[in-house]
Structure formats: structure tokens, C-alpha cells
Amino acid sequence: MLRISQLLFPLATVGLAIAPIALPAIASLQPVQSARTDAPIQDLVTSLKRDEPPLGSRGVICPISPGLLGDTDVVWSDRPIFLWQGHATQIALRTLTGQETLWQQALTETNQSATYSGAPLQPGQLYEWELVDGTDSRDYVFQVMEPSDRDRISGELQTLETRLKDSGASEEAIAIEQARYFAQQGLWSDVMQTLQSVDAPSAELTQTVAEMTRYLCGTTSNP
């Protein structure tokens, strides 16, 4: 299946007219499965290695999410967390067709993520994010999920969260189960975002996210 990034490459070509794109349909979404709060989080690492090949670096930076994981570059979240490994000096988000800058942020050498803080992104729309490293920059494309699929997933996530809260699950346990749900749908950008969003992660969760990042970027040391 072609990815959006393949259809649009190279984005940086001057004067390139981008025609409307017939995006591939998202695979049939699977229903919510029973929560497994007693299952080890390591199963997410196993699933990631089964479903996703390593991304590798693009120059000195290894971009991770959104738009580089999964088959269609589609994400559920309308307030994405941008993830990468390496040193970048600035990040920016633009609309793909109009090239309007929606948000940008200066980065330090220690930053490996940035949370989008603008207005919610629009379902079905294409966006481009840019990482700048000195004088070099790279662009990556993603699409926010179409409204019908996004609404369905939102409802299933709420059902899952309510069930877990009623059983006394912690914030981290809920996030892990939501990440497993996203993994079942092949939405690995949302898996990574969900795991990164826990306010006070346990050592096990922190180590798991680091292991997933190292695998995706083909490194052996902590990011």
C-alpha cells in the first residue's frame, strides 16, 4: 500500500503543484477487546517489531511520529505529539495545500518530542511538519483520520476508559490498554503518543517507550 509520503515525495520541489490525492481506505477497524490490565507491557514491543520495520535516520535526525508509522500515514489524534531522535533546532506544522504555518516551536538539543498546542486539527485534512537541524530541514506528511472512523474510535476509547476506571485502573494502566487498542488498529503513531502522554510514567513504561524508540531508529543506546 502506498504511503502519503511516497505519493508526495519530494515535497521540497519548488513550484510543484500537488493534486488532490485519493487516499487509501483505512483497514476495517476492530472492535474493542476485553481489557488485559494484567498483561505485560512488553507485548507492545513484540507487536511493534512484528508490524513495523525500523525507520532509520534521515541525516542526523530519526523522525518517528506522526506520519511515518502504519500503512496509510493516518492518525487519530487531532493534537499530535511529534516524536524524533536526534538534535533539531525548530519544529513547525503547516497545512499541506495552503502552506499556512499553524504552529512552530524552538527546540533545544535535549528535546526529543514536542506537543502541538494549537487549535485541534481537522479530521480528513493533510498536514506537513518540518524539523530543522541547523541549515537543513525535512518535511513529513500525515492525515488526521476521516470523521466517521475518528468518531467510531473515540466512542470505543471512551467505552474502554469507562470500563477500566470502574475497575479502579490507574492512569498508566488505562493508557497502556488504549495503546494496545491503537496497536490492534495498526495506528502506531497513536500508540506512541498515548504511551508518551502519561504524566508520571513508571520505570517499566519509560523503559518500554525507550526500547520502542531504539528499535524504530535502529539504535542501541538510550535516546
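In this text, all values refer to a predicted model and were calculated from it rather than measured experimentally.

**Q** Is there a simple way to think about the nonpolar core in this case?
**A** The tendency in soluble globular proteins is for nonpolar side chains to be buried side by side. Formed by 55 residues in total, the largest nonpolar core has its most connected members in F82, W84, I91, L93, W129, F142 and L195. Ranked by the residues each element gives to this core, the list is headed by helix α4 (residues 171-184), at seven residues. In contact with W84, not counting residues within four places along its chain, are I61, C62, P63, I64, I91, L107, N111, Q112, S113, A114 and L131.

**Q** Would you mind going over the confidence of the model for the chain with me for this structure?
**A** Low-pLDDT stretches of the model should not have their predicted coordinates read in fine detail. Taken residue by residue, the chain gives an average pLDDT of 82. The fraction at 70 or more is 79%. Per-residue pLDDT stays below 50 along residues 4-38; that stretch engages in 56 contacts with residues further than four places along the chain or on separate chains.

**Q** For this particular structure, what's the right way to read the state of the cysteines?
**A** Here, the word disulfide means a covalent bond between the sulfur atoms of two cysteines. What the rule picks out here adds up to one disulfide. Through a disulfide, C62 is tied to C217; the S-S separation comes to 2.1 Å. On the S-S bond that ties C62 to C217, the torsion sits near -90°, and the link is left-handed. Taken together, the positions of C62 in strand β1 (residues 62-65) and C217 in helix α6 (residues 203-217) put the pair 155 residues apart, joining distant regions of the chain. Relative accessible area serves as the criterion here: at 7%, C217 is assigned to the buried category.

**Q** Help me understand the sheet that holds β1, please; the structure alone is not making it clear to me.
**A** As a general point, the strands of a sheet are linked pairwise by backbone hydrogen bonds and lie either parallel or antiparallel. In space, the three strands of this open sheet follow the order β1-β3-β6, with antiparallel pairing throughout. In this open sheet, the two edge strands, each paired with only one partner strand, are β1 and β6 (113-115). If you compare each strand with its neighbour and ignore which way they point, the axes differ by 20° on average. With respect to the sheet, α6 is in contact with β1 and β3 (81-85), its orientation differing from that of β1 by roughly 125°.

**Q** What is the right way to read the environment of S197 from this model?
**A** Relative to the assigned elements, S197 resides in the loop between α5 (188-196) and α6. A residue is classified by how much of its surface remains accessible, and S197, at 40% relative accessible area, is partly exposed. For the pair formed by S197 and T115, sequence separation is 82 residues and the distance between their alpha carbons is 9.5 Å.

**Q** Help me understand the pairing of strand β5 (residues 101-106) in this model?
**A** Within a regular strand, side chains alternate between the sheet's two faces. Of the pairings in the sheet, the one linking strand β4 (residues 90-95) to β5 comprises five bridges and is antiparallel in character. Each residue of the ladder has a partner; that of R94, found in β5, is T101. The hairpin formed by β4 and β5 contains five residues between the paired strands, and Q99 there has a positive phi angle of roughly 60°.

**Q** What's the story with the sheet that holds β4 in this structure? I'm lost.
**A** Here we have five strands laid out as an open sheet, ordered β2-β8-β7-β4-β5, and mixed in their pairing. The open sheet has two free edges, formed respectively by β2 (74-75) and β5, since each of these has just one partner strand. Bridge count for β2 against strand β8 (residues 136-144) is two bridges, and the pairing is parallel. Paired with V75 across the two strands is V144, which belongs to β8.

**Q** I'm lost on the side chain of R94 in this one. Help?
**A** Of note, R94 is situated in strand β4. Judged by relative accessible area, which is 10%, R94 ranks as buried. A polar atom in the side chain of R94 sits 2.6 Å from the side chain of E128. Leaving out residues up to four positions away in the same chain, R94 has contacts with Q99, E100, T101, L102, Y127, E128, E130 and D139.

The rules behind these values
- Residues numbered from 1 in each chain as written.
- Predicted model: local features only at pLDDT ≥ 70, side-chain atom pairs only at ≥ 80, totals over all residues.
- Heavy atoms only, no water.
- Core = buried A, V, L, I, M, F, W, Y, C linked by side-chain atoms within 4.5 Å.
- Buried < 20%, exposed > 50% of the residue type's maximum accessible area, 1.4 Å probe, protein only.
- Helix = DSSP H or I, 4+ residues; strand = E, 2+ residues; numbered from the N terminus.
- Contact = heavy atoms within 4.5 Å.
- pLDDT = per-residue confidence, 0-100.
- Disulfide = S-S within 2.5 Å.
- Pairing = 2+ DSSP bridges.
- Axes fitted to C-alpha atoms, helices over the stretch in contact; angles between N-to-C directions.
- Polar contact = N/O pair within 3.5 Å; in protein donor to acceptor, adjacent residues only side chain to side chain.

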